[in-house]
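Descriptive analysis of the structure
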Amino acid sequence: MTSISDPQPRGRVRIWDLPTRLFHWLLVACVAGSIISIKTGSIDWHMRFGYAVLSLVLFRLLWGFAGSRYVLFSHFVRGPGDVLAYVNGRLRHAGGHNPLGALSVLALLLLLLVQASGGLFANDGSFSEGPLVKLISGSLSNRISTLHRWAEWAIYALLLLHLAAVAFYAVFKSEPLVGAMLHGDRQLDAEPAQDDAPLRVRGLMVFLLAAALTWYVVTL
């Protein structure tokens, strides 16, 4: 993040590394699959998609400390002062998530983490229950199940906010954020794009770790 007076040559910048882009689109597919499967009564697939969402969110949380520059939490998560400075136009956004977008990202990751984790302890009131229901009382499982259903609406709200922000940037700022999440680059006043190939093996290892953690928890 830099002051609005800092001049730098404009160039093509690698914002989203390949592991981050794969995470994003796989999360879109798995969240959609989770919603569709529960609406069509396919509880087994709903649970599978939930496990996948949990693995992906755990990956992104770990990747926030091990990924490339623009996906690190230390790069885009800012304090209240920076958020206010950005809103007032006193702080220029220099790539990646802006301070307001960072709040949305963190909220969505936290909500999906809570939702996917809660599903492990939830039940549908009849024949199906999460793999960790055996660890808690029936009354607590019922309360978690109620919160699990209510949180669905919060997810819808955040997804709509995300889509609205993408549309706003495309229409009013001529910034195709969807394209950037496909090829990884944006035109910014910063250093030229760097090859993210060295990060791909690291990303795979981090994802395998996240998947292993999910498998361990699910099979307790």
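For the structure itself, look to the data block above.
Note that the structure is predicted; figures quoted are calculated from it, not measured.

1. Side note on the pattern of salt bridges
Applying the stated criterion across every chain yields a total of two salt bridges. When the shortest N-O distance is used, the salt bridge between Arg14 and Asp185 registers 2.4 Å. Remark: Asp185 occurs in strand 2 (residues 185-188) and Arg14 occurs in strand 1 (residues 11-14); sequence separation between them is 171 residues. The residue Glu152 makes a salt bridge to Lys39 at a minimum N-O spacing of 2.9 Å. Residue Glu152 is located in helix 6 (residues 138-172), and its partner Lys39 is located in helix 1 (residues 18-39); the two are separated by 113 residues in the primary sequence. Residue classification places Glu152 among the buried residues on the basis of a relative accessible area of 17%.

2. Some remarks on the layout of surface pockets
Volume-wise, the largest pocket comes out at about 1100 Å³. In this structure, the largest pocket is lined by 36 residues; those nearest its centre are His24, His97, Val105, His162 and Val166. Of all elements in the fold, only helix 1, helix 5 (99-119), helix 6 and helix 7 (177-183) reach the threshold of two or more residues within the lining of the largest pocket. When the residues that make up the lining of the largest pocket are grouped by side-chain class, the tally is 24 nonpolar, nine polar and three charged. Within this model, the second largest pocket holds a volume of roughly 600 Å³. If you go around the second largest pocket, you meet 28 residues; those closest to its centre are Ser34, Ile38, His46, Gln115 and His148. Among the residues forming the lining of the second largest pocket, the class breakdown is 14 nonpolar, ten polar and four charged.

3. As for the packing of helix 1 against helix 2 (residues 43-66)
Running from amino to carboxyl end, helix 1 crosses helix 2 at an angle of 155°, the nearest separation of the two axes being 8 Å. The orientation of helix 1 relative to helix 2 falls into the category roughly antiparallel. In terms of crossing hand, the pair formed by helix 1 and helix 2 is left-handed. Residue-level inspection shows Pro19, Thr20, Phe23, Leu26, Leu27, Ala29, Cys30, Val31, Gly33, Ser34, Ser37 and Ile38 of helix 1 in contact with helix 2, the latter providing Ile43, Trp45, His46, Phe49, Ala52, Val53, Leu56, Val57, Phe59, Arg60 and Trp63. Tallied by class, residues from the contact of helix 1 with helix 2 come to 17 nonpolar, five polar and one charged.

4. What about the nonpolar core?
One finds Leu27, Val53 and Leu112 to be the most contacted residues of the largest nonpolar core, which totals 32 residues. Breaking this core down by element, the ones donating at least two residues are helix 1, helix 2, helix 5, helix 6, helix 7 and helix 8 (198-218). Leave out the neighbours within four places in its chain, and Val53 touches Leu27, Cys30, Val31, Leu112 and Ala116.

5. Re the packing of aromatic side chains
Tallied over the full model, the rule gives eight aromatic pairs. Centre to centre, the rings of Trp45 and Phe49 are 5.8 Å apart; their planes meet at 40°, and the pair counts as tilted. Of this pair, Trp45 and Phe49 are both found in helix 2, four residues apart, which corresponds to roughly one turn of the helix. Taking the relative accessible area as the measure of exposure, Trp45 reaches 49% and is therefore partly exposed. When the centroid spacing of 5.2 Å and the interplanar angle of 35° are considered together, the rings of Phe168 and Phe172 count as tilted. Taken together, the residues Phe168 and Phe172, both in helix 6 and four residues apart, mark about one turn of the helix. In textbook terms, an aromatic cluster arises when at least three aromatic residues are bridged by ring pairs, as seen for Phe23, Phe59, Trp63 and Phe207.

6. Section: the side chain of Arg21
Tracing the chain through its elements places Arg21 in helix 1. A polar side-chain atom of Arg21 sits 2.6 Å from the main-chain carbonyl oxygen of Trp16. Setting aside residues up to four positions removed in sequence, Arg21 forms contacts with Arg14, Trp16, Ala180, Met181, Leu182, His183, Gly184 and Asp196.

How each quantity is defined
Residues numbered from 1 in each chain as written. Predicted model: local features only at pLDDT ≥ 70, side-chain atom pairs only at ≥ 80, totals over all residues. Heavy atoms only, no water. Salt bridge = Lys/Arg side-chain N within 4 Å of Asp/Glu carboxyl O. Helix = DSSP H or I, 4+ residues; strand = E, 2+ residues; numbered from the N terminus. Buried < 20%, exposed > 50% of the residue type's maximum accessible area, 1.4 Å probe, protein only. 1 Å grid on protein atoms, 1.4 Å probe; cavity = no way out; pocket = protein on both sides within 12 Å on 5 of 7 lines; lining within 4 Å. Points joined across faces, edges and corners; volume = space filled by probe spheres on them. Nonpolar A, V, L, I, M, F, W, Y, C, P; charged D, E, K, R; others polar. Axes fitted to C-alpha atoms, helices over the stretch in contact; angles between N-to-C directions. Parallel < 35°, antiparallel > 145°, perpendicular 65-115°, else oblique. Left-handed = near helix turned anticlockwise from the far one by under 90°. Contact = heavy atoms within 4.5 Å. Core = buried A, V, L, I, M, F, W, Y, C linked by side-chain atoms within 4.5 Å. Phe/Tyr/Trp six-rings, centres within 6.5 Å; stacked < 30°, edge-to-face > 60°. Polar contact = N/O pair within 3.5 Å; in protein donor to acceptor, adjacent residues only side chain to side chain.

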